[in-house]
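Given next are the chains, with one letter for each unit.
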Amino acid sequence: MTKVLSKIEELKTSRLLIFSALMAIVSIVPPWFHYDIIAEDGAFHYIPIAKIIIEGDILNALSQELPVYPLLVSGMSFLTGNNFELAGRILSAIFYVLSALGMFKLTHSAFNSKPAAILSVIFLITNRDLMDLGVDCLKETLVLCLIIWSSYFWISWMISKKRFLLVLSLVFFILGCLTRSTVAFFLLSCVFVWLFSERKW
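Residues numbered from 1 in each chain as written. Predicted model: local features only at pLDDT ≥ 70, side-chain atom pairs only at ≥ 80, totals over all residues. Heavy atoms only, no water.

(A) A look at the overall build of the chain. Secondary structure assignment for the chain yields eleven helices and zero strands. Its helices and strands in sequence order give the chain the pattern α-α-α-α-α-α-α-α-α-α-α, from N to C terminus. In summary, the chain has a C-alpha radius of gyration of 18 Å against a globular reference of 17 Å for 201 residues, a match within 12%. For the chain, the spread of C-alpha atoms along the three principal axes comes to 55 × 45 × 25 Å. (Helix = DSSP H or I, 4+ residues; strand = E, 2+ residues; numbered from the N terminus. Rg over C-alpha atoms; globule rule 2.2 N^0.38 Å.)

Right, dumping it as structure tokens:
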């Protein structure tokens, strides 16, 4: 076991990221092809709002829903021939894979351990509920993706003190809040971690 962990530690980060992406893609293929019926939120909430955006009534759309996910669905629909359900599913799958990559980066930054980073990815992509969310027209994988990457940029900023990382983190947190308001609690958590680490209280 120790030899395996040592071998993983010796591998380049880029190769492990590719491996993480491949694992995420492979894990989502079975639920993608066993997909049944679109979730109610997708059929009766996100897709209608995305259609309103396409029609140009953006203010009406934004009054009904936080804007990021419906905007992305409406944009992706141009590539799917106005198939809004497929657009939403593709986006969910993309953010599922990006979440796996973000989890690797976040864990590696926090613990400086490549085996721990790979293990965190495995735990993430073997979550059955997350797999199902990753093939449906729902915004949960987008929310998760934004939380993970914003947290990664925040921790990286705390370590390196590079301001552009802080800016990236705040941008991702803002996008997260514009997707689901509860993401603000994760931003507050990061602020508390920073305050504690800097002894600001």
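(B) Geometry of the side chain of Thr141. For Thr141, the location among the structural elements is in helix α9 (residues 140–160). Exposure remark for Thr141: the relative accessible area of 1% places this residue in the buried category. A distance of 3.0 Å separates a polar side-chain atom of Thr141 from the backbone oxygen of Ser92. Apart from residues lying up to four places away in sequence, Thr141 is in contact with Ser92, Phe95, Tyr96, Ser99, Leu130, Leu133 and Gly134. (Buried < 20%, exposed > 50% of the residue type's maximum accessible area, 1.4 Å probe, protein only. Polar contact = N/O pair within 3.5 Å; in protein donor to acceptor, adjacent residues only side chain to side chain. Contact = heavy atoms within 4.5 Å.)

(C) Layout of the nonpolar core. Grouped together as the largest cluster of nonpolar side chains are 54 residues, with contacts concentrated most on Val73, Tyr96, Val121 and Ile125. Not counting residues up to four positions away in its chain, the partners in contact with Val73 are Ala50, Phe84, Ala87, Gly88 and Leu91. (Core = buried A, V, L, I, M, F, W, Y, C linked by side-chain atoms within 4.5 Å.)

(D) Main features of the packing of aromatic side chains. Going through the model one piece at a time under the given rule, you end up with seven aromatic pairs. When the ring of Trp149 is compared with that of Tyr152, the centres are 5.6 Å apart and the planes differ by 90°; the resulting orientation is edge-to-face. Residue Trp149 and its partner Tyr152 are located together in helix α9, separated by three residues, close to a single helical turn. The residues Trp149 and Tyr152 share a single accessibility class, namely buried. Relative to Phe172, the ring of Phe153 lies with its centre 5.3 Å away and its plane at 65°, an arrangement referred to as edge-to-face. Note that Phe153 is positioned in helix α9 and Phe172 in helix α10 (residues 163–177), a separation of 19 residues in sequence. On the basis of relative accessibility, which here comes to 11%, the residue Phe153 falls in the buried class. Three or more aromatic residues link up through ring pairs in this structure, and these residues are Trp149, Tyr152, Phe153 and Phe172. Positioned over the ring face of Trp32 is Arg89, at 3.9 Å from the centre of the ring. (Phe/Tyr/Trp six-rings, centres within 6.5 Å; stacked < 30°, edge-to-face > 60°. Lys NZ or Arg CZ within 6 Å of the ring centre and 35° of its normal.)

(E) Seen up close, a nonpolar patch on the surface. A contiguous nonpolar surface patch, about 460 Å² in accessible area, is contributed by Val167, Leu170, Val171, Ile174, Leu175 and Leu178. Here Leu175 lies in helix α10. (Patch = residues over 30% accessible without salt bridge, like charges linked within 9 Å, V, L, I, M, F, W, Y side chains within 5 Å. Areas by Shrake-Rupley, 256 points an atom, 1.4 Å probe, with all protein chains shown as cover. Salt bridge = Lys/Arg side-chain N within 4 Å of Asp/Glu carboxyl O.)

(F) Inspection of the pattern of salt bridges at higher detail. Under the definition given, this model contains two salt bridges. Taking the shortest distance from any N to any O, the salt bridge between Glu140 and Arg180 comes out at 3.0 Å. Separated by 40 residues along the polypeptide, Glu140 in helix α9 and Arg180 in the loop between α10 and α11 (183–198) bring together distant segments of the chain. By relative accessible area, Glu140 is classed as partly exposed at 23%. By relative accessible area, which is 26% here, Arg180 ends up partly exposed.

(G) Representation of the packing of helix α1 (residues 2–10) against helix α7 (residues 114–125) in the model. Following both chains from N to C, one finds α1 and α7 inclined at 95°, their axes separated by 8 Å at the closest point. Classified by the angle their axes make, α1 and α7 are roughly perpendicular. On α7, the residues that touch Leu5, Ile8 and Glu9 of α1 are Lys114, Pro115 and Ile118. A class-by-class count of the residues in the contact of α1 with α7 yields four nonpolar, no polar and two charged. (Axes fitted to C-alpha atoms, helices over the stretch in contact; angles between N-to-C directions. Parallel < 35°, antiparallel > 145°, perpendicular 65-115°, else oblique. Nonpolar A, V, L, I, M, F, W, Y, C, P; charged D, E, K, R; others polar.)

Treat this as a map of the structure, not an account of what it does.
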